[in-house]
Structure formats: C-alpha cells, structure tokens
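# An overview of the molecular structure
Each chain, written out:
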Amino acid sequence: MIVNLIVGFFVGLCSGASVVISQFYGAKDHKNLKKALHTSMIFCLAASIIVGTAGFILAEPILHLMKTPAEVIPDSVLYLHIYFAGTFFNLVYNMVSSILRAVGDSKRPLYVLIITCLLNILLDVVFVVIFHMGVLGVALATVSCQAVSAILVTWFLMRAEDIYRLEFHEIRFDLRSLGAVLRIGLPAGLESVMYNIANLTIQIFVNELGTDTVAAWGTMGKIDAVFWMVCNAFAISITTFVGQNYGAGKKERIRTGIREGVILTILINIPLALMLLCIPEFLTSFMLNDASIISYTRDFLAVTGICLFPLGWLFVFRNGCQGMGHTFVPMLSGVLEVSLRVVMVKLLTPYLAFRGVALAEVSAWIGAWIMLMITYWIYQERTDSFR
C-alpha cells in the first residue's frame, strides 16, 4: 500500500512531463522541448532525494499507524528501507519511459520492462532460494532490476538522434517548464493517491463481510489489474496522440483520434467482457480453488464484465483532456469516481453484500465517464483551447 501510494503519485507527476513534451514535440519546438526534458530530469533527482529520505524515515511509523501485525513489521521495515534507498532508480525509469512514450517510442520501455521482469525472477531465485536471504534478497532483487531499467532507458535517451536527446550538461531547472509539468502532473498524481486511499477504505468494508469475501476481493484485485493495464496502455497512447496533435494545432486529428479511440475500446473490450462473463471460474482457478470464494468472484466479474465499456471510454476522455493540457476537471472526475465508490459501497453492501462492491465500482466508472465526456465536448468547442 505504501509503495503503491508513492509510485502512483510519481507516475502521475510523470504524466505532466509526458504531456508537455508531447505538445512541444508535435509543435517541433526544439528549444522548449529541451528545457522541459532536462527540467524533468533534475526534478526527478530532487524528488527521489525527498521521497527516498522521507520513506526511509517514516516507513516504520506508517506501518504501526496502519496496525500492521507486529510479527511482520521487522521484515516490512527492512524491505521498505532498501526499496526507498533505491527510489532514484524507480523514479528515473518512470520519468524517462514517460518521455520516450511522449515522442512515440513505446516499444523500448516495454522491452526493458520485459527484460528486467525476467531478471527480477532470476535474482529472486538466486537470492532467496540459493542464498537463503529472505526478504533482504527480495528487496535487493527488486532494487537491482530497477537500477538496470533506469540505466537502459536513460542510455536510450542519451543516444537519441532526434530533438529529445538527453545531454547531462544541459540538466537544470527552468521554472516555466517546471510549472507546466507540475500544473498537469500534480492533479494526476493526487488522483492516483485518492484512488489508492479509496481502495484501502473499501478494504475495510470488505473485511466486515467475512474471510471468503476478503479472499475474493484480493483475487479480484489481481484479475482487475490485468484489465486495467490494457486500459492504461491504451490511455497512454491517447495522451501522446492528443498531446502531439495539440502542439501541432491539428484540431480535427484530435477529434478523429478520440472518436477512433472510443471505437477501439469497444473492439478491445468485447473479448475482455466475454472472458469475464463466460469463463470467470477459469480465470479465478489460477489463484484459488475454493468453491465459495469462486462464487463471489463470479458474481463480481459478471457485473464488471457487463459494464466494462464505460471504463474504456473513461480512459479515452480523461487522457484526451489531459493530452490537451486540461487537468482540473479530470482530477475532479477522479474525486467523483472515488467518492461514488466509497459512498455506494457503504450504501449497497448492507443489502447486496459483495455484489454491492461490484455495483459501486461500475457506478463510479459510469459517473466519471459521463462527466469527462461532457467536459471533452466543451473543451473541443473552445477555439482558444487549440493552438
């Protein structure tokens, strides 16, 4: 939970750099792109020092505040201390990969991620199974792979032949560029934090429904993560496409891109929804084989499968607005989504139990999607919203 909060917040900040750089890249504004890129890198360094130090110092107090069982606190503190000591590598990878995606290079960050995931598995086996290092080995494996990923993507950026090439002697703060990055990135980062806090709040309600529902909720989180990754990957491409065309002043291409994005999400979500509706037991069986828990997850997947399409549209309109540099209303939509999830869970679970949690999820998706769709249409009609 602690790691998700911090990483999610910084990934949101990285989206600010991604939008700003994609707009300058689309406008072929070499000077301002360079300023934004190098400002983002020095900001990454400063943020890693602050986050790493704060996380290292506050790890144990936060664990106690979360009422973590006493027997797991020593191992948890050890893991978090090592993790936060390597914060720099994690933040660098997220920042540089966001910059590469902003200029249309999404393949190489993916290749790096695949390589380091495989390396992480190998190092886990070596440190934990062979050398019996326990939690220490897991933490060292994680940070080592983050270091490798940060080095590789930074090397790609330094070797770039285009206007987005990284040059160490130009790394410095530019206040105007920093302001633009934070104006877009901070709302996205806060939105991520709110979402994680909402998950923690919902977990409290789920805990009151019994151990079977707790296990089902945990299983749903793993299945849900796969589908969210698909939507999020699509959303990143929407942000880049809209940002570059916004920078180039191509209003009609933005409209076409959003329209085709909606169509593509329908085509992508049809097989995903069919999977959730037709083979929920098969998906769940990879993680557990308890009939009672599987019945809970089947009901949850049926509800979310039917309403998967608004989730895809939500990402299209939210990231389309962010790609144009409009972040306040997307952040408000995040507040609405989180509020609906928590309020509906509180209202529905006493009557519908675990199905109430599922209905709360989809009601939040639909509410946020409607708000963002209307907002996009308003932004689209404002001629001063386009260069």
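Now for a description of the structure that goes with this document. (Residues numbered from 1 in each chain as written. Predicted model: local features only at pLDDT ≥ 70, side-chain atom pairs only at ≥ 80, totals over all residues. Heavy atoms only, no water.)

## Considering the side chain of T142
What counts is decided by this rule: Each helix is a run of H or I in the DSSP string that is no shorter than four residues. Each strand is a run of E no shorter than two, and both are numbered from the N terminus. Residue contacts follow a heavy-atom distance rule, with two residues in contact if any of their heavy atoms lie within 4.5 Å.
One can find T142 in helix α6 (residues 134–158). With near-sequence residues (within four places) excluded, T142 lies in contact with Y79, Y83 and N120.

## Describing the pattern of salt bridges
Here is the rule we go by: Salt-bridge detection follows one rule: a side-chain nitrogen of Lys or Arg within 4 Å of a carboxyl oxygen of Asp or Glu. Here the term buried applies to any residue with accessible area under 20% of the maximum for its type, exposed to any over 50%, and partly exposed to those in between, with areas from a 1.4 Å probe on protein chains only.
Throughout the structure, instances matching the rule amount to eight salt bridges. With a closest N to O distance of 3.1 Å, K34 and E167 form a salt bridge. Of this pair, K34 sits in helix α2 (residues 30–65) while E167 sits in the loop between α6 and α7 (175–207), placing them 133 residues apart in sequence. Here K34 falls in the buried class, since its relative accessible area comes to 11%. Where R255 meets E252, a salt bridge forms, and the shortest distance between an N and an O atom there is 3.7 Å. With R255 and E252 both in helix α9 (residues 251–278) and three residues apart, this pair spans about one turn of that helix. Assessed through its relative accessible area of 48%, E252 is described here as partly exposed. Where salt bridges share partners, they join E191, R318 and E337 into one cluster.

## A short note on the packing of aromatic side chains
Operational definition: Only the six-membered ring of Trp is used, alongside the rings of Phe and Tyr, when aromatic pairs are assigned; centres must lie within 6.5 Å, and planes under 30 degrees apart are stacked while those over 60 apart are edge-to-face, with the rest tilted. Distance and angle both matter: a charge sits over a ring if NZ of Lys or CZ of Arg is within 6 Å of the ring centre and within 35 degrees of the ring normal.
In this structure the tally under the stated criterion is twelve aromatic pairs. Between F10 and F43, the aromatic rings sit 6.4 Å apart at their centres with planes inclined by 10°, giving stacked as the arrangement. Of this pair, F10 sits in helix α1 (residues 2–27) while F43 sits in helix α2, placing them 33 residues apart in sequence. According to the relative accessible area criterion, F43 is buried, its value standing at 15%. Centroid distance Y79 to Y83: 6.1 Å. Interplanar angle 20°. Geometry classified as stacked. You can see Y79 and its partner Y83 sitting in helix α3 (residues 73–85), four residues apart, about one turn around the helix. Counting every residue linked through ring pairs, the aromatic cluster contains W217, Y296, F300 and F354. Above the face of the F156 ring, R108 is positioned so that its terminal group lies 4.7 Å from the ring centre.

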